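In case you want the letters, here they are:
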Amino acid sequence: MSSSFCLSSSRNSTTPEALLVQNSHLYLPRRRLCVLLHNEIPLRKVKPLSLVRLGSHGFVHPSAAISPFAEAEGEGVEDIARPDDEKSENELPGMAQAFHISSRTASAISVCIAVAAFCFPFFMKSLGMGLDLKTKALSYGTLLFGFYMAWNIGANDVANAMGTSVGSGALTLRQAVLTAAVLEFSGALLMGSHVTSTMQKGILVANVFQGKDTLLFAGLLSSLAAAGTWLQVASYYGWPVSTTHCIVGSMVGFGLVYGGTGAVFWSSLARVTSSWVISPVMGAMMSFLVYKCIRRFVYSAPNPGRAAAAAAPIAVFLGVTGISFAAFPLSKTFPVAVAQALACGTVGAIIVYRIIRKQVGHLLDKSNTCELGAKEETSSSKNIGFLSDIAGPKGDQLEIVYGVFGDMQVLSACFMSFAHGGNDVSNAIGPLAAALSILQGGLSGSEIVIPNDVLAWGGFGIVAGLAMWGYRVIATIGKKITELTPTRGFAAEFAAASVVLVASKLGLPISATHTLVGAVMGVGFARGLNSVRAETVREIVTSWVVTIPAGAMFAVIYTWILTKLLSFIL
């Protein structure tokens, strides 16, 4: 049977092709229009299905949508499901199923990563050249502890950058992983914090542990192992949790048990726990407003495609200007810094405008010929309220809107991925570098310098975790909270990035993970309360609350075990 054919618009069509469409799961490119079977359309890459099995499934009305964007903007149509094929696909291992590769290939990739993780430390200067065999062996084990933590950061936290892009269809899972792998590693190596405090995030009082190097060494390793353990549990169930909170919980548990109540900065801990409420609420409010603005000023415009193409450079201008001013101050003089940030925003907006014209310019020119007919409805659109439910665009206009916001979402995801690699890699390599300094006698004061090979080691761990298990949390962010499209995904990412940027500048306690989850929920709330899956939200919130106690409990257990082992070794 040919994989490309046309369907008749007749409601009562009973051709084999029509039966196949009614009962099969169609594999179409994610960046295509939401089309209905009322019209004659070419189908691409239809997966063959034996007609013998068609009788076991209920028939679907011919007007059912065949695109992943079937319910893109409230059209009320349902996707076509094929339980038998889903069941056969689910029999594959998770990694093979996620990337559409054979189980043998998935196993080979996992084995290669494991071999590299065990072999690379022998070529690192941080292993301790010229030291005795015992110190080298402990350094080797310390590097593996750091890799384990970095692996779990990649498996869980990278979903912050790529989850919405995959869920909306702007990127396939394979494209997202490959893109994030390059950017996460680059961010970790180029922007990773070279100087870090041995008492991460100001949670522990350093003076309490002076003269107790063995105990501090065991506590740092236990914090890495404890945070990694809880992250692995959370990743297995697809829960997006904060890696920073995992490290904080681990160090709090270690400090309380082995240093007493005076070893913990309780005010810092209170700020961390307050972010459980502040982060998702601010993210939800911001994404709600952004998505409502898109629906009000883009969807209700006489020409939604042109409105989207005009809005994209404005969003880039605001984003690049804010990032340049807040994160990369180009001058110490305030007026000059503002001018330079505005210049960077202008350049970014011009580049994006040219990219959009190149990508969808032919569709924009085509849509201009239809604008005269649309102007007759302009007067009615002017009376639409900000919170009104507005129907989404159709036809070429929908393709333009999704094309523009899909490209915008990819750009924002790339930036978030690069920044994430530079920021959160310190959660793994900070305690790792501190433990190596204690072990090799290089710890002085409260600060240490992180070597480049350790930064690269942490970046490799993040990439490995992303490749092997990252799809689990990406599925939760992109699929299980609410249905995402390019416009919804962009609204969530843009809102989350804005909130994190402003909150960091103001010194507010914020979590990027919690903010993004809240932003995705806010987009769902903008479509109605029923658009957010309450069960998924309850699981996520529960995992947030349990994170710090779980990290503390694991840290206490691991510290007790390690102190016993070190007493025999040292």
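Residues numbered from 1 in each chain as written. Predicted model: local features only at pLDDT ≥ 70, side-chain atom pairs only at ≥ 80, totals over all residues. Heavy atoms only, no water.

K.L.:
For this particular structure, what's the right way to read the overall build of the chain?
P.N.:
Regarding its fold elements, the chain presents 20 helices and two strands. Nonlocal contacts in the chain, meaning residues at least 24 apart in sequence, comprise 84% of its contacts between residues at least 6 apart. If you sum the accessible surface of the chain, you get close to 25,400 Å²; carbon and sulfur atoms cover 64% of it. (Helix = DSSP H or I, 4+ residues; strand = E, 2+ residues; numbered from the N terminus. Contact = heavy atoms within 4.5 Å. Areas by Shrake-Rupley, 256 points an atom, 1.4 Å probe, with all protein chains shown as cover.)

K.L.:
Just to check I follow, could you spell out the confidence of the model for the chain for this structure?
P.N.:
Any region with low pLDDT has predicted coordinates that should not be read closely. Here the chain averages 75 in pLDDT, and 74% of its residues register 70 or above. Per-element confidence in the chain ranges from a low mean pLDDT of 39 for helix α1 (residues 16-23) to a high of 92 for helix α4 (residues 103-119). Within the model, pLDDT remains below 50 along residues 1-92, and this stretch shows 163 contacts once partners closer than five positions in the same chain are excluded. Across residues 372-381, where pLDDT falls below 50, the model places four contacts with residues more than four positions away in sequence or in other chains. (pLDDT = per-residue confidence, 0-100.)

K.L.:
How do you make sense of the environment of Val499 when you look at a structure like this?
P.N.:
With respect to the helices, strands and loops of the structure, Val499 is situated in helix α18 (residues 486-506). Judged by relative accessible area, Val499 falls into the buried class, the value being 6%. Counting along the chain gives 17 residues from Val499 to Leu516, while the straight-line C-alpha distance between them is 9.3 Å. (Buried < 20%, exposed > 50% of the residue type's maximum accessible area, 1.4 Å probe, protein only.)

K.L.:
What should I look at first to understand the side chain of Glu184 in this one?
P.N.:
As for its position among the elements, Glu184 is in helix α7 (residues 173-191). Within the structure, Glu184 has its side chain in polar contact with the side chain of Ser417 (distance 3.3 Å). Residues within four places of Glu184 in sequence aside, it is in contact with Val158, Ser417, His420, Gly421 and Ile462. (Polar contact = N/O pair within 3.5 Å; in protein donor to acceptor, adjacent residues only side chain to side chain.)

K.L.:
Would you explain a nonpolar patch on the surface in this entry?
P.N.:
On the surface, Met553, Ile557, Trp560, Ile561, Leu565, Phe568, Ile569 and Leu570 cluster together into a nonpolar patch covering about 850 Å² of accessible area. Its place among the elements puts Leu570 in the segment after α20 (534-569). (Patch = residues over 30% accessible without salt bridge, like charges linked within 9 Å, V, L, I, M, F, W, Y side chains within 5 Å. Salt bridge = Lys/Arg side-chain N within 4 Å of Asp/Glu carboxyl O.)

K.L.:
Whenever I open this one, the packing of aromatic side chains confuses me. Can you help?
P.N.:
Geometrically, a pair of aromatic rings is defined through the distance of the ring centres and the angle of the planes. Scanning all chains against the criterion turns up 15 aromatic pairs. Relative to Trp457, the ring of Phe147 has its centre 5.1 Å away and its plane inclined at 40°; by these criteria the two rings are tilted. Placement of the pair is Phe147 in helix α5 (residues 133-156) and Trp457 in helix α17 (residues 452-480), with a sequence separation of 310 residues. Residue Phe147 shares its accessibility class with Trp457, and that shared class is buried. Site record: aromatic cluster; members linked through ring pairs are Trp151, Trp230, Tyr236, Tyr237, Trp239 and Trp469. (Phe/Tyr/Trp six-rings, centres within 6.5 Å; stacked < 30°, edge-to-face > 60°.)

K.L.:
Explain the side chain of Thr515 here, please?
P.N.:
Take Thr515: it is sitting in helix α19 (residues 512-527). You can call Thr515 buried: its relative accessible area is 0%. Once residues within four sequence positions are removed from consideration, Thr515 is found in contact with Ser279, Gly283, Ala496, Val499, Val500 and Ile510.

K.L.:
Help me understand the environment of Gly219 in this model?
P.N.:
With respect to the helices, strands and loops of the structure, Gly219 is situated in helix α8 (residues 213-236). On the basis of relative accessibility, which here comes to 1%, the residue Gly219 falls in the buried class. Sequence-wise, Gly219 and Thr563 are 344 residues apart; in three dimensions their C-alpha atoms are separated by 8.7 Å. When near neighbours in sequence (up to four residues on either side) are disregarded, Gly219 contacts Phe254 and Thr559.

K.L.:
Hey, could you run me through the packing of helix α10 (residues 266-299) against α19 in this one?
P.N.:
For any two helices packed against each other, the geometry comes down to the angle between their axes and how far apart the axes lie. The interhelical angle for the contact between α10 and α19, taken along N-to-C directions, is 40°, at an axis separation of 6 Å. One way to sum up the angle between α10 and α19 is to call them oblique. Read as a crossing pair, α10 and α19 show a hand that is right-handed. Between α10 and α19, the contacting residues are Ser275, Trp276, Ser279, Pro280, Gly283, Ala284, Ser287, Phe288, Tyr291 and Lys292 on the first element and His514, Thr515, Gly518, Ala519, Gly522, Val523, Phe525, Ala526 and Arg527 on the second. For the contact of α10 with α19, a count of residues per class yields nine nonpolar, eight polar and two charged. (Axes fitted to C-alpha atoms, helices over the stretch in contact; angles between N-to-C directions. Parallel < 35°, antiparallel > 145°, perpendicular 65-115°, else oblique. Left-handed = near helix turned anticlockwise from the far one by under 90°. Nonpolar A, V, L, I, M, F, W, Y, C, P; charged D, E, K, R; others polar.)

K.L.:
Before we go on, may I ask you to explain the packing of helix α6 (residues 159-168) against α18 in this structure?
P.N.:
At their nearest, the axes of α6 and α18 sit 8 Å apart, and the two run at 165° to each other. As summarised for this structure, α6 and α18 are arranged roughly antiparallel, according to the angle between their axes. Note on packing geometry: the crossing formed by α6 with α18 is right-handed. Across from Ala161, Thr164, Ser165 and Ser168 in α6, the residues of α18 making contact are Pro486, Gly489, Ala492 and Glu493. Partitioned by chemical class, the residues of the contact of α6 with α18 number three nonpolar, four polar and one charged.

K.L.:
Explain unusual backbone geometry to me, please; I cannot follow it from the model alone.
P.N.:
Peptide bonds are mostly trans, and most non-glycine residues show a negative phi. Positive phi is not limited to glycine here, since His100 has a value of about 55°. Within the secondary structure layout, His100 lies in the loop between α3 (94-99) and α4. On the basis of relative accessible area, His100 is assigned to the exposed category, the value being 61%.

K.L.:
What exactly am I supposed to notice about α19 here?
P.N.:
Residue pairs spaced three or four apart in an α-helix point in one direction, given the helix's 3.6 residues per turn. Taking 1.5 Å as the rise per residue, α19 with 16 residues should run 22 Å; its terminal C-alpha atoms sit 23 Å apart, in good agreement. The buried fraction of α19 amounts to 13 of the 16 residues, a majority that puts the element mostly inside the structure. Backbone geometry just downstream of α19 places Gly528 in the positive-phi region, at approximately 130°. (Expected span 1.5 Å × (residues − 1).)

K.L.:
What should I look at first to understand the pattern of salt bridges in this one?
P.N.:
Side-chain pairs of opposite charge can arise where the charged atoms are in close proximity. Applying the stated criterion across every chain yields a total of one salt bridge. With a closest N to O distance of 2.7 Å, Glu483 and Arg533 form a salt bridge. Of this pair, Glu483 sits in the loop between α17 and α18 while Arg533 sits in the loop between α19 and α20, and the two are 50 residues apart along the sequence.

K.L.:
Got a minute to help me understand the environment of Ile355 in this structure?
P.N.:
Residue placement: Ile355 occurs in helix α12 (residues 334-368). Once the C-alpha coordinates of Ile355 and Asp407 are considered, the two residues, 52 residues apart in sequence, prove to be 9.0 Å apart.

K.L.:
In this structure, what is going on with α6? I would like to understand it.
P.N.:
Among the 10 residues that make up α6, 10 are buried, leaving the element largely enclosed by the rest of the structure. If you check which residues of α6 are buried, you get Ala159, Asn160, Ala161, Met162, Gly163, Thr164, Ser165, Val166, Gly167 and Ser168. Of the residues flanking the end of α6, it is Gly169, one or two places downstream, whose phi is positive at about 90°.

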